[in-house]
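For reference, the chains in residue letters:
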Amino acid sequence: MTAPIILPTNARPLGGATCLVTGGAGFIGSHLIDALLAQNASVRVLDNFSTGFQHNLDHVRENPSVEIVQGDASDPAVVDQAVAGCDTIFHLAAMASVPRSMREPALCHAWCATSTINLLAAAEAAGVRRMVLSSTSAVYGDSPFVSKRESDPPAPMSPYAASKLSAEAYLQSFSRTAEIETVILRYFNVFGPRQDPQSEYSAVIPRFVSMILSGQRPTIYGDGSQSRDFVFVRDVAKANLLAASVADVNGGIFNIGQGQRTTLLDLLTMLREILGQDIQPIHDPPRLGDIKDSLGDITQARTRLHFEADVDMASGLQQSVQYYRSIC
């Protein structure tokens with residue numbers, strides 16, 4: 001069983017609460033479920049299994065504290081059923097892919113924005129205490145500021161980022177006019193075990209590792225100088241627990257990252273050391289909608305949520321490589 005994440009002494013205990021996790025069969029959602037169960041919470045999972053995987057829930061399927069509802073969060077009837085009796089909602093269901101959102105913008109809007117307004121309406125009617133939204137640093141776009149702050153003007157460059165920004169606006173409006181409390185978490189680049197390496201929309205770390213382990217050269221879009229703020233998935237689960245339990249954060253928006261920059265070339269150097277291989281990438285042209293540099297200023301998360309990333313880049317990569325080796 002996952003070791004419990006230690007919460008601040010003034011945080012509201014989650015033990016005994018019933019928590020809805022949309023997108024719970026996904027990479028981040030399944031780790032959040034583990035963290036909630038370690039807090040002795042009851043968990044209801046809502047997932048349409050379009051991008052999440054049944055096997056991500058195999059280890060909790062027989063747990064009496066877990067209920068799995070198969071359905072789409074963009075369907076109001078399904079959402080009404082899933083929300084009933086819940087204390088807290090963690091909304092992770094989304095189309096988490098910039099390239100796919102460029103090809104299917106209407107579906108991206110339904111999964112990211114329509115689902116959010118459905119959940120908020122059902123939550124208000126059901127008396128849910130708090131809703132935590134998984135948003136994205138992509139809302140900042142390719143701004144001139146390398147270190148992104150929550151007060152920076154948004155500049156979405158893709159339907160994915162635009163739909164997430166729309167979802168944020170819905171939460172902000174409900175936090176001002178309804179009884180439900182809301183918290184928005186803007187993730188930077190999340191990585192770790194269970195991240196899908198096979199999808200054409202796969203994130204950079206699982207794509208690089210899986211290709212290297214299979215004897216292929218990884219592809220970098222651009223010159224490799226683009227940088228990202230990578231954060232390990234267990235730290236993101238911790239951020240969600242804090243967002244659900246810490247007092248006086250209603251309406252808050254928080255960057256969740258390490259607060260450190262890693263270029264793609266730096267990432268390859270670290271993987272060379274871990275894997276003991278001389279990795280030479282293939283360079284392709286930059287992709288439409290991709291951002292050059294992304295670094296999170298996590299001051300607000302530190303001071304108000306009491307958040308700090310516990311897992312450094314090297315340790316997180318070691319755990320990730322171990323996982324991908326186990327499934328190859």
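Residues numbered from 1 in each chain as written. Predicted model: local features only at pLDDT ≥ 70, side-chain atom pairs only at ≥ 80, totals over all residues. Heavy atoms only, no water.

(A) Representation of the sheet that holds strand 12 (residues 252-256) within the structure. Strand order in the open sheet formed by seven strands is 3-2-1-4-5-7-12, and the pairing between neighbours is parallel. Where the open sheet ends on each side, the last strands, each with one partner, are strand 3 (66-70) and strand 12. Adjacent strand axes in the sheet meet at a mean angle of 20°, parallel and antiparallel pairs treated alike. Sheet topology note: the strand 1 (residues 18-22)/strand 2 (residues 42-47) ladder contains five bridges and is parallel. Each residue of the ladder has a partner; that of T22, found in strand 2, is L46. Packed onto the sheet, helix 1 (residues 27-38) meets strand 1, strand 2, strand 3, strand 4 (88-91) and strand 7 (181-187) and runs at close to 170° relative to strand 1. (Pairing = 2+ DSSP bridges. Helix = DSSP H or I, 4+ residues; strand = E, 2+ residues; numbered from the N terminus. Axes fitted to C-alpha atoms, helices over the stretch in contact; angles between N-to-C directions. Contact = heavy atoms within 4.5 Å.)

(B) Representation of the layout of surface pockets. Of the voids in this model, the second largest pocket is the one considered here, and its volume is about 160 Å³. Lining of the second largest pocket is provided by T2, I5, H31, D34, A35, P193, R194, F232, V233, R234, A237 and Q319. Those elements that provide at least two residues to the lining of the second largest pocket are helix 1 and helix 7 (233-245). Its residues assigned to classes, the lining of the second largest pocket comprises six nonpolar, three polar and three charged. (1 Å grid on protein atoms, 1.4 Å probe; cavity = no way out; pocket = protein on both sides within 12 Å on 5 of 7 lines; lining within 4 Å. Points joined across faces, edges and corners; volume = space filled by probe spheres on them. Nonpolar A, V, L, I, M, F, W, Y, C, P; charged D, E, K, R; others polar.)

(C) Inspection of the nonpolar core at higher detail. Core analysis: the largest hydrophobic core is formed by 68 residues, its most contacted members being L36, F90, L185, I205, I256, L267 and L271. Leave out the neighbours within four places in its chain, and L267 touches V204, I205, F208, F230, T262, M313 and L317. Among the nonpolar cores identified, the runner-up in size contains 24 residues, and V78, V128, L133 and I184 belong to it. (Core = buried A, V, L, I, M, F, W, Y, C linked by side-chain atoms within 4.5 Å. Buried < 20%, exposed > 50% of the residue type's maximum accessible area, 1.4 Å probe, protein only.)

(D) Structural detail: the environment of R12. Checked against the element boundaries, R12 lands in the segment before strand 1. Along the primary structure R12 and L242 are separated by 230 residues, whereas in three dimensions their C-alpha atoms are 9.1 Å apart. Once residues within four sequence positions are removed from consideration, R12 is found in contact with D87, R129 and S245. A polar atom in the side chain of R12 sits 3.2 Å from the side chain of D87. (Polar contact = N/O pair within 3.5 Å; in protein donor to acceptor, adjacent residues only side chain to side chain.)

(E) Layout of the side chain of S227. Inspection of the secondary structure puts S227 in strand 10 (residues 227-228). Of the residues examined, S227 reaches a relative accessible area of 0% and is grouped as buried. Only 2.7 Å separates the side chain of S227 from the side chain of D293, close enough to count as a polar contact. In this view, S227 contacts R261, T262, T263, K292, D293 and S294; residues no more than four positions away in its chain are not counted.

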